[in-house]
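# Chain and residue survey
Each chain is listed here by its residues.
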Amino acid sequence: MEPVFGGSSVLGCAAGVAAGVAAGGLLLAAYKLGLLYQLFHKTETQSPRHGGESVAEVLRAHGIKYVFTLVGGHISPILVACEKVGIRIVDTRHEATAVFAADAVARLSGTVGVAAVTAGPGLTNTVTAVKNAQMAESPLLLIGGAAGTLLQGRGALQDIDQMSLFKPLCKFCASIRTIREIVPTVRKALAVAQSGTPGPVFIEFPIDTLYPYHLVSKEFGVKNPPKGLMGKIVSWYLGNHLMNLFAGAWETRDVSPLPVDIPQATDDQVPTVQRCIELVSRAKKPVILLGSQATLPPTPVICFDRKALEDLGIPCFLGGMSRGMLGKNSPIHIRQNRRDALKEADLVLLAGTVCDFRLSYGRVLNRRSKIIAVNRDKTQLLKNSDMFWKPTIAIQGDAGSLLVRLSKGLKGHRCPAEWPQGLKAGDDTKENKNRSKADEKTDHHLNPLKVLHCVDELMAEDSIIVADGGDFVGSAAYIMRPRGPMRWLDPGAFGTLGVGGGFALGAKLCRPDSEVWIVYGDGSLGYSVAEFDTFTRHKTPVIALVGNDACWSQIAREQVPILGSNVACGLAFTDYHIVADGYGGKGYLVGREDEDRLSDVIRRAQKECEAGTATLLNVLIGKTNFREGSISV
């Protein structure tokens, strides 16, 4: 009986499959090794150009004005190239400060903030600042150096698995493997940082992708290669890797910005927006809670957002970057008694505000209230809605554009006047009570509330306030009033200490004519006081107001009564003003003996700053019961 398949046929098929697999494997290997690409793209071995120039070209095309850094050999080509094309390089005394400064620029300019740091410890020093940017939803590009492409994982200097560190923190992470990848990767990263919910992105640049061919080629040479076939294979592999690294590196590429995807309240959502309009029009006691997202592009916060809110006439509570959106004394801006207002409200609009610890996870919302929530991020939009609250309408989109749509749809309609008037009356009563506490004498030193009220009255109308601290800054949030939109900077939901120096640096560069105040606790000052050196060198004069009570008071306020110990909470009444002097600034010690001339001391500090000198007011303060019961966890 003849076999169904002839033996020779089976062998022929098997041989064909094997040949196909082998050919496929060779093609894949050729692709991986860059052999196919090198057939069509030249490697210019005589070119003096380097990968840092490609980075600089893309950043310039995207309107980046500043790169913040702490210098390191891994990233020097990027810094040098950026300076040559007119991008200002601002070096700081700590890598975290560089990222905080980039964060501030992103918030105030509407573009991407950029920081560049060296490999290994340079990058690990930024982790807290990058996480803060992620939680604050700031579009930020972190550029990191790295060991050479062939040395990663082989024990090179400062070589660690950096990608694993930043993937949980960033929207996009990439490691450059050839110079031709630089331009498209940086373009993509900048677009991703601004799209959807903004956030940080990270690109790792191995050192051999940044330096010119003639330098890199010296590092690829093998002095004593193994003899025989293995030596030839090693030499060929290294030579091919070098050629592929630079193949097509200097071909003309598009460096212009890619489209940014911003989820606005679009025509597709007309029925939902119309339903929101109907709910607001029926409400007798509506309240709007605005978060930082309300300040994001593309809606210009200075005109459209503010006008939309004023046209609606609905009382507003402002948080995060939205503080100051309604100016200093708006009749619809309510600063006090938020919990009571939410209990009474029949409609609450959460415009970029999240139901996390700041709203008791949603428990402060009245279950009988209609709730409209809008947020770019779905997770934040619905946070804790499975437990303590339920949105009547939830819109994944941009808060600013929704406010503008509501204002247009409700043209001619205003919230019943007695509701905001009643809340404002309660506001005034509470603020007058707080003001009376400022006149009380403390057992020692100055009353911190009096100091804050005095600064609030004297600060310039264009002032930007940077908040960096616990107890003293918590009091400042109740007392100090930003004069306009984008004039308040705090860390955001992460509650990070140490943002002060970087935020102030970025703010002063973005608004060089504005008075920039850092409100520091004496504990938080320790993180970035060295940046007075940066303020001096880069001619970015700011004023630091330090509430010095020689204590981590935010913690001691709970720890001492609950656990009966002040352990690790005590500090000293340190001469921080002398530290500022040492870094080239001007420091003032302010104590109880200066109480009657407190205004004069503040004005003197303002004049010093206006003349170009960074100034520090080391104000010795006593204890009050103003924030009794406030929590630190």
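Residues numbered from 1 in each chain as written. Predicted model: local features only at pLDDT ≥ 70, side-chain atom pairs only at ≥ 80, totals over all residues. Heavy atoms only, no water.

By the definition in use, this model includes six aromatic pairs. In this structure, Arg363 is placed above the aromatic ring of Phe388, and the distance from its NZ or CZ to the ring centre is 5.0 Å. One residue, Lys586, lies across the ring of Tyr588, its end atom 5.5 Å from the ring centre. (Phe/Tyr/Trp six-rings, centres within 6.5 Å; stacked < 30°, edge-to-face > 60°. Lys NZ or Arg CZ within 6 Å of the ring centre and 35° of its normal.)

Following both chains from N to C, one finds helix α3 (residues 51-61) and helix α4 (residues 76-84) inclined at 45°, their axes separated by 8 Å at the closest point. On the basis of their axis angle, the class for α3 and α4 is oblique. Handedness of the α3/α4 crossing: right-handed. Within the contact between the two elements, α3 uses Gly52, Glu53, Val55, Ala56 and Leu59 and α4 uses Pro77, Ile78, Ala81 and Cys82. When the residues that make up the contact of α3 with α4 are grouped by side-chain class, the tally is seven nonpolar, one polar and one charged. (Axes fitted to C-alpha atoms, helices over the stretch in contact; angles between N-to-C directions. Helix = DSSP H or I, 4+ residues; strand = E, 2+ residues; numbered from the N terminus. Parallel < 35°, antiparallel > 145°, perpendicular 65-115°, else oblique. Left-handed = near helix turned anticlockwise from the far one by under 90°. Contact = heavy atoms within 4.5 Å. Nonpolar A, V, L, I, M, F, W, Y, C, P; charged D, E, K, R; others polar.)

A few words on a nonpolar patch on the surface. Together, Leu27, Leu28, Tyr31, Leu36, Leu39 and Phe40 line one region of the surface with nonpolar side chains, adding up to about 720 Å² of accessible area. Contributing elements (two or more residues each) for the nonpolar patch: α1 (7-32) and α2 (35-40). With respect to the helices, strands and loops of the structure, Phe40 is situated in helix α2. A relative accessible area of 68% places Phe40 in the exposed class. (Patch = residues over 30% accessible without salt bridge, like charges linked within 9 Å, V, L, I, M, F, W, Y side chains within 5 Å. Areas by Shrake-Rupley, 256 points an atom, 1.4 Å probe, with all protein chains shown as cover. Salt bridge = Lys/Arg side-chain N within 4 Å of Asp/Glu carboxyl O. Buried < 20%, exposed > 50% of the residue type's maximum accessible area, 1.4 Å probe, protein only.)

With that out of the way, let us pick up the UniProt feature "domain: Thiamine pyrophosphate enzyme N-terminal TPP-binding" (unreviewed entry) in the protein. Per the UniProt entry, the sites bearing "domain: Thiamine pyrophosphate enzyme N-terminal TPP-binding" (unreviewed entry) are residues 50-165 in this numbering. As annotated, residues 50-165 comprises 46% helix and 18% strand, and the C-alpha atoms at either end are separated by 27 Å. (UniProt positions renumbered as here; feature names shortened; annotations may be inferred.)

Here the focus is the side chain of Gln162. Along the chain, Gln162 falls in helix α8 (residues 162-166). A polar atom in the side chain of Gln162 sits 2.8 Å from the side chain of Glu204. With residues near it in sequence (within four places) discarded, Gln162 still touches Ala119, Gly120, Leu123, Gly145, Ala146, Phe202 and Glu204. (Polar contact = N/O pair within 3.5 Å; in protein donor to acceptor, adjacent residues only side chain to side chain.)

On inspection of all chains with the given rule, the structure shows 25 salt bridges. Among the salt bridges present, the one from Arg335 reaches Glu431, with a minimum N-O distance of 2.7 Å. Placement of Arg335 in the loop between β8 (316-318) and α14 (338-344) and of Glu431 in helix α17 (residues 418-437) is noted, with a sequence separation of 96 residues between them. Put simply, Arg481 and Asp456 hold a salt bridge, and the shortest N to O gap is 2.9 Å. A residue pair is termed long-range when its members are at least 10 positions apart, and Arg481 in the loop between α19 (471-479) and β13 (488-489) and Asp456 in helix α18 (residues 448-458) qualify at 25 residues.

The subject of this paragraph is the sheet that holds β8. An order of β8-β7-β9-β10-β11 is seen for the five strands of this open sheet, with the pairing classed as parallel. Lying at the two open borders of the sheet, with one neighbouring strand each, are β8 and β11 (393-396). Averaged over all neighbouring strand pairs, the angle between strand axes comes to 10°, with direction disregarded. Note: strand β7 (residues 286-290) against β8, three bridges, orientation parallel. Residue pairing in the sheet places Leu289 in a bridge with Phe317 of β8. This element, helix α12 (residues 270-282), spans β9 (347-351), β10 (370-375) and β11 of the sheet and lies at about 135° to β11. (Pairing = 2+ DSSP bridges.)

In this structure, Phe68, Leu142, Phe166 and Leu489 are the most contacted members of the largest nonpolar core, which totals 52 residues. Counting residues per element, this core draws most heavily on helix α5 (residues 95-109), at nine residues. When sequence neighbours within four positions are dropped, the list of residues in contact with Leu489 reads Ala104, Arg107, Leu108, Met321, Ile464, Ile465, Val466, Ala467, Phe503 and Ala507. In this structure, Leu290, Leu309, Val348 and Leu381 belong to the second largest nonpolar core, which totals 49 residues. (Core = buried A, V, L, I, M, F, W, Y, C linked by side-chain atoms within 4.5 Å.)

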